[in-house]
Amino acid sequence: MRVLGLDPAAAGPTGYGIVETDGRRCKMLDYGAFRVDTKRQKECSGAALHDIHSLLCELIQKFEPTVLAVESIFSALNVRTALRLAEVRGVVLLAAAQHGVTVYSYSPREVKASVAGYGHADKRQIQLMVRALLALSETPEPADAADALAVALCHIQAVQAQVRFGIPPLQAATWTRETRP
């Protein structure tokens, strides 16, 4: 299984990470964080969304992920930030649907609990746990990229638990389950 994990951002960088597993070990294939240039954002209100869409399409074509795991919107955000983040998530869902990739969504607390064992872990704890779980020689930077890797690891652990304990299948985002024409 190959998972493209995403940590979408409203204002800061959108983190991404690709993790592959054979069922026993997880291997990081790539990670990073994408920030749209401020000048470009001022030129066009949709520039950031366009650039994020382009990046996701490139990543999907290059790595051919089995699924896409994305961190869900944190409900305690202010309305403006939540709306911007929803726009980014919409672009993520669009890119996934265009390439026939199923999307799974996890709350920030689920991701932290899955990776660090504590739903309120801070960014540094997540970075260190991602480094340990993926046996990386360096701590993944920036934190947004480590968060994206954590989202991918969270999905892998959820699927493994489902198989191991006979838990009902995970629920994918309903708008990406339909077959494309």
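Residues numbered from 1 in each chain as written. Predicted model: local features only at pLDDT ≥ 70, side-chain atom pairs only at ≥ 80, totals over all residues. Heavy atoms only, no water.

### A few points about the pattern of salt bridges
Here's step 1: Enumeration over the complete set of coordinates arrives at two salt bridges.
Here's step 2: Between Glu-20 and Arg-2 there is a salt bridge; the shortest N-O distance is 2.5 Å. Separated by 18 residues along the polypeptide, Glu-20 in strand S2 (residues 14-21) and Arg-2 in strand S1 (residues 2-7) bring together distant segments of the chain.
Here's step 3: On the basis of relative accessibility, which here comes to 26%, the residue Glu-20 falls in the partly exposed class.
Here's step 4: For Arg-2, a relative accessible area of 23% gives the class partly exposed. (Salt bridge = Lys/Arg side-chain N within 4 Å of Asp/Glu carboxyl O. Helix = DSSP H or I, 4+ residues; strand = E, 2+ residues; numbered from the N terminus. Buried < 20%, exposed > 50% of the residue type's maximum accessible area, 1.4 Å probe, protein only.)

### Observations concerning the layout of surface pockets
Over the atoms, a rolled probe matching the size of one water molecule traces out where space is still vacant.
Here's step 1: Reported here for the largest pocket is a volume of approximately 280 Å³.
Here's step 2: For the lining of the largest pocket, the secondary structure elements donating two or more residues are helix H2 (47-63) and helix H3 (79-98).
Here's step 3: No other element matches the four residues that H2 contributes to the lining of the largest pocket.
Here's step 4: The residue makeup of the lining of the largest pocket, split by class, is 12 nonpolar, four polar and three charged. (1 Å grid on protein atoms, 1.4 Å probe; cavity = no way out; pocket = protein on both sides within 12 Å on 5 of 7 lines; lining within 4 Å. Points joined across faces, edges and corners; volume = space filled by probe spheres on them. Nonpolar A, V, L, I, M, F, W, Y, C, P; charged D, E, K, R; others polar.)

### Section: the pairing of strand S3 (residues 26-34)
Here's step 1: As paired strands, S2 and S3 are joined by eight bridges and run antiparallel to one another. Looking at the pairing, Thr-21 lines up with Cys-26 of S3.
Here's step 2: Taking the residues that link successive antiparallel strands as the turn, the S2-S3 hairpin has four residues, and the phi of Gly-23 there is positive, at about 100°. (Pairing = 2+ DSSP bridges.)

### Re the side chain of His-53
Here's step 1: Relative to the helices and strands, His-53 resides in helix H2.
Here's step 2: Taking the relative accessible area as the measure of exposure, His-53 reaches 18% and is therefore buried.
Here's step 3: Setting aside chain neighbours within four positions, we find His-53 in contact with Val-91, Leu-94, Ala-95 and Gln-98. (Contact = heavy atoms within 4.5 Å.)

### Description of the nonpolar core
Here's step 1: Leu-4, Leu-6, Tyr-16, Leu-56, Leu-59 and Leu-68 are the most contacted members of the largest nonpolar core, which totals 21 residues.
Here's step 2: Elements with a minimum of two residues in this core: S1, S2, H2, strand S4 (67-71) and H3.
Here's step 3: Counting residues per element, this core draws most heavily on H2, at seven residues.
Here's step 4: Residues within four places of Tyr-16 in sequence aside, it is in contact with Leu-4, Gly-5, Leu-6, Asp-30, Tyr-31, Gly-32, Ala-33, Leu-55, Leu-59, Ala-145 and Ala-148.
Here's step 5: In terms of nonpolar packing, the next biggest core, distinct from the first, is built from 20 residues, Val-67, Tyr-106, Val-115 and Ala-152 among them. (Core = buried A, V, L, I, M, F, W, Y, C linked by side-chain atoms within 4.5 Å.)

### Things to note about the sheet that holds S2
The pairing of strands in a sheet comes from backbone hydrogen bonds and takes either a parallel or an antiparallel form.
Here's step 1: Read from one edge to the other, the open sheet built from five strands follows the order S3-S2-S1-S4-S5, with strand pairing classed as mixed. Each of the sheet's edge strands pairs with one partner strand only, and the pair in question is S3 and strand S5 (102-106). On average, each strand axis in the sheet is inclined to that of its neighbour by 20°, with strand direction left out of account.
Here's step 2: Bridge count between S4 and S5: five bridges; the pairing is parallel. Residue pairing for S5: Glu-71 is matched across the bridge by Tyr-106.
Here's step 3: Against the sheet, H2 engages S1, S2, S3 and S4, with an angle of about 160° to S3.
Here's step 4: Of the strands in this sheet, S4 and S5 touch helix H4 (residues 108-116), which is tilted by about 85° from S5. (Axes fitted to C-alpha atoms, helices over the stretch in contact; angles between N-to-C directions.)

### A look at the confidence of the model for the chain
Here's step 1: For the chain, per-residue confidence averages 88 on the pLDDT scale, and 91% of positions sit at 70 or higher.
Here's step 2: Put simply, helix H1 (residues 38-43) is where the chain has its lowest mean pLDDT, 74, and S1 is where it has its highest, 97.
Here's step 3: Here residues 174-181 is modelled with pLDDT under 50, and outside its nearest four sequence neighbours on either side it reaches 11 contacts, counting other chains as well. (pLDDT = per-residue confidence, 0-100.)

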